[in-house]
Amino acid sequence: MRRTSASLVAGALVAALAWASSPSSPAVALEPSAGVADLTQDINQILSDSRLTIARAGVVVKSAATGEELYATDAGKLLIPASNTKLFTSAAAAETLGLDYRFPTTVLNTGRKTGSILTGDLVLRGTGDPTMLAGDYDALAAKVAAAGIKVVTGKLVADDTWFDSQRLGNDWSWDDETAYYAAPISALTASPDRDYDAGSVIVAVAADGDKVKVSTTPETDYLKIVNKATVGSATNVLIERQHGTRTVVITGTVAAPYQEWVAVDDPTAYVSSLFRKSLAKHGVKVLGPTAAGATPEGAKELAGHESMTLGELLVPFMKLSNNIHAEILTKAMGRKAADQGTWAAGLKVSTDFAKANGVQVINMRDGSGLSRRDGFSPGSIAQLLTAVRGKPWFQTWYESLPIAGNADRFVGGTLRSRMRNTPAANNVHAKTGSLTGVTSLSGYVTSAEGEPLIFSIMLNQYLSGSPKDIEDKIAVRLAQFSRANPVGAAAQLRSADDAPAGDLECSWLKPVQC
C-alpha cells in the first residue's frame, strides 16, 4: 500500500476537514446570491466552447452542506459515463463486500500422501485476486514443497469456478480484445506489476547488437513470440497479440528499449503455466496434465494466500482507473449476494445499491465503463456522491479518488497532471472517465469559503479536440466559488502543455503515463 505524501496532507487539510462533516441535510431553498449568479454565468461561458457546439454536455453542481443545487444543465439526460461507472462499482463493493474483504487463493490436494508422493490431484483454486503476482504463485509452490511433496501422481487442477466462464463484457469492442485494459476476467489471474494489471504480461524489446532482444515480465513461455522487428535509428515498434491466440507479433524498428502491456487470451491457463513452472522449480513434479475443474469434495488445504484488503485495493483501482479490478469486484459482489460470480448478479448488486441511495437514471452494463451502452445522468452521479457521504467507509473511499495536481502517481492518479498550480490542486477529489468522444469528471471540491461542493461533468459526442480542459476550468472555478464575492470572468486555467490524452484514460496508455 502506498503512503500518502506529506505535501498532500498539508495541502488538503482544509478540504479534509470539510469532507469529514456529517451527511448533507435536505436541500434548502436559498435566494440566489451574487456569487451563485456569477458562478452560473462563468460555467455557461466555459460551456460555450465551440467544441461543444454539436456535442452533449450535462453538468450538475450541488452544495454538500445544504443540498442546494447551484448549477444544472441537462442534469437528467442519459449520457455515456466511461470510467465514472467505477464510482458506482467501488461504492457498491465497499458497502457489499466491506473494506476488510480479501481474495483468498488456495492450494488443495485430493487423495493421500505417502512419504513424498501425493496419490491424487493438486488443485489451485482462485477467487479473483487481481493482486496475485508470479512471485505469489511461486510462494504457494514453495509451501507445497515444504509440506514434503515431491511427486503428484494425478493432475494439476485449475479451479476458476468462483466466477462464471464469460471472460469479456457483452458490449466490449472487438479491437480491445488484446488490450491489457480489457483483459479477460477469471477467478484465477495474475498481474505483471504492482499496478495490478491482472490478466496481462509486459513484453519488452531492446536492441542487442544487430538483433532485437525480447523479454517478458514475468518470465513465461505461455506466449508465443514472433519477432519480426529490426534494429533501427528510431523506435517505431508494434507489439500486438493476434486475436484469439497466444501469439504476439512484434514488428517495426527498435533503437531504445520499449515495452507494452499485452492481455493474455486465457488467464486461467496462463496462471496454471506459471504455477506448474514454479512447482518444478521447487522440486515438485506433477505427472498428470493440467485441467480446469471444480475442487472435489473433501479436498484438503495445503497452502494459502490472501490479498490486501479492499480498502487498500481501492487505491490502485480508483487512482489508476483499473478496469479489471472493477469487473472482478462486480463478479465478487454477485458471488457474495447471490452465490453467482456473474456480471448479471454483480450488476444487480450495484444497481440495487444505487437505487436504494436515491439514484434514478442508471443503466449499468459492466463495472468499469468500457461499454458504450452504460448510461448515467449527471444528476444521478451527483445523487450517489451525496448519499455516500454518510457511509462509514466514505473517508477511505473519498481518499481513493484521484486528487487534482498531485504529482504522486498513487495520490494524484489520473488527475496528477491536471489543474496544477490552481485552487483545485490538492483539493478536487474526482473520478475521470474517457472513451473516444466521451469525457467525464465527477467528485468533490471545497470552495474558497470552505464549503464542500459536489459536481458531475459529462461531455459526449464531441468530434475533435479533447475537452478535458473544459472540465478542469469548471472544477477550478468551483474551487474559487464564493457566495459573497463574485470571482469575475473565467480565466485561462491551464497551459496547453498540460493537456491530457483524449480518447482513453491516461493511465491506460502504458508505457506513457499521465
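Okay, so let's go over this structure. (Residues numbered from 1 in each chain as written. Predicted model: local features only at pLDDT ≥ 70, side-chain atom pairs only at ≥ 80, totals over all residues. Heavy atoms only, no water.)

**What to know about the nonpolar core**
Test applied: Definition of nonpolar core: a set of buried residues of the types Ala, Val, Leu, Ile, Met, Phe, Trp, Tyr and Cys, connected through side-chain atoms within 4.5 Å. With a 1.4 Å probe rolled over the protein chains alone, any residue whose accessible area is under 20% of its type maximum counts as buried; one over 50% counts as exposed, and the rest are partly exposed. Each helix is a run of H or I in the DSSP string that is no shorter than four residues. Each strand is a run of E no shorter than two, and both are numbered from the N terminus. Contacts are residue-level and defined by heavy atoms, with any inter-residue pair within 4.5 Å sufficient.
Leu87, Phe88, Leu97, Leu310, Val388, Trp397 and Tyr444 are the most contacted members of the largest nonpolar core, which totals 63 residues. Elements represented by at least two residues in this core include exactly helix H4 (85-96), strand S15 (258-263), helix H7 (310-319), helix H8 (323-338), helix H9 (343-356), helix H10 (378-387), helix H11 (394-400) and strand S23 (452-460). With sequence-adjacent residues up to four places away left out, leucine 87 is seen in contact with Met318, Ile381, Leu384, Leu385, Trp397, Leu401, Lys431 and Ser442. Val107, Leu140, Val203 and Phe275 belong to the second-largest nonpolar core, a separate cluster that totals 37 residues.

**Let's talk about the sheet that holds strand S9 (residues 200-208)**
We apply this condition: A pair of strands is treated as paired once DSSP finds two or more bridges between them. Between the N-to-C directions of two axes lies an angle of 0 to 180 degrees, each axis being a line fitted to C-alpha atoms and, for a helix, fitted only over the stretch in contact.
The three strands lie next to each other as S10-S9-S15, forming an open sheet whose pairing is antiparallel. Since the sheet does not close on itself, it has two edges, and those belong to strand S10 (211-217) and S15, each with one partner. Averaged over all neighbouring strand pairs, the angle between strand axes comes to 25°, with direction disregarded. Sheet topology places S9 next to S10; seven bridges connect them, and they run antiparallel. Each residue of the ladder has a partner; that of aspartate 208, found in S10, is lysine 211.

**Topic: the side chain of serine 90**
To keep it simple, the criterion reads: Counting of polar contacts relies on pairs of N or O atoms within 3.5 Å, with two restrictions inside protein: one atom must be capable of donating a hydrogen and the other of accepting it, and residues adjacent in sequence are counted only when both atoms are side-chain atoms.
Of note, serine 90 is situated in helix H4. Take serine 90: its relative accessible area is 1%, and that puts it in the buried class. Within the local environment of serine 90, its side chain forms a polar contact with the side chain of tryptophan 397, the two groups lying 2.8 Å apart. Those residues in contact with serine 90 that lie beyond four places of it in its chain are Leu314, Phe317, Met318 and Trp397.

**What to know about H8**
Using the following cut-off: Between the first and last residue of a helix there are one fewer steps than residues, each counted as 1.5 Å, and that sum is the expected span.
The terminal C-alpha atoms of H8, which comprises 16 residues, lie 23 Å apart, in line with the 22 Å expected from a rise of 1.5 Å per residue. In terms of burial, H8 is a largely internal element, 13 of the 16 residues being buried. With a side-chain oxygen positioned 3.0 Å from the backbone nitrogen of isoleucine 324, the residue opening H8 is asparagine 322. One or two steps after H8, the chain reaches aspartate 339, where phi turns positive at roughly 60°.

**A short note on the layout of surface pockets**
As a reminder, the rule being used: Points on a 1 Å grid, built from protein atoms alone, make a cavity when a 1.4 Å probe fits but cannot get out and make a pocket when they are open with protein on both sides within 12 Å along at least 5 of 7 lines; residues with an atom within 4 Å of a point are the lining residues. Grid points are joined across faces, edges and corners, and a volume is the space filled by probe spheres set on the points. For this classification, the nonpolar set comprises Ala, Val, Leu, Ile, Met, Phe, Trp, Tyr, Cys and Pro, the charged set comprises Asp, Glu, Lys and Arg, and every other residue, Gly included, is treated as polar.
Empty space within the largest pocket amounts to approximately 300 Å³. In terms of lining, the largest pocket is formed by 18 residues, of which the most central are Ala179, Tyr181, Ile239, Glu260 and Trp261. Elements that contribute at least two residues to the lining of the largest pocket include exactly strand S13 (236-241) and S15. Looking at which element gives the most residues to the lining of the largest pocket, the answer is S13, with five residues. Grouping the amino acids of the lining of the largest pocket by side-chain chemistry returns twelve nonpolar, one polar and five charged.

The values are spatial; any link to function lies outside them.
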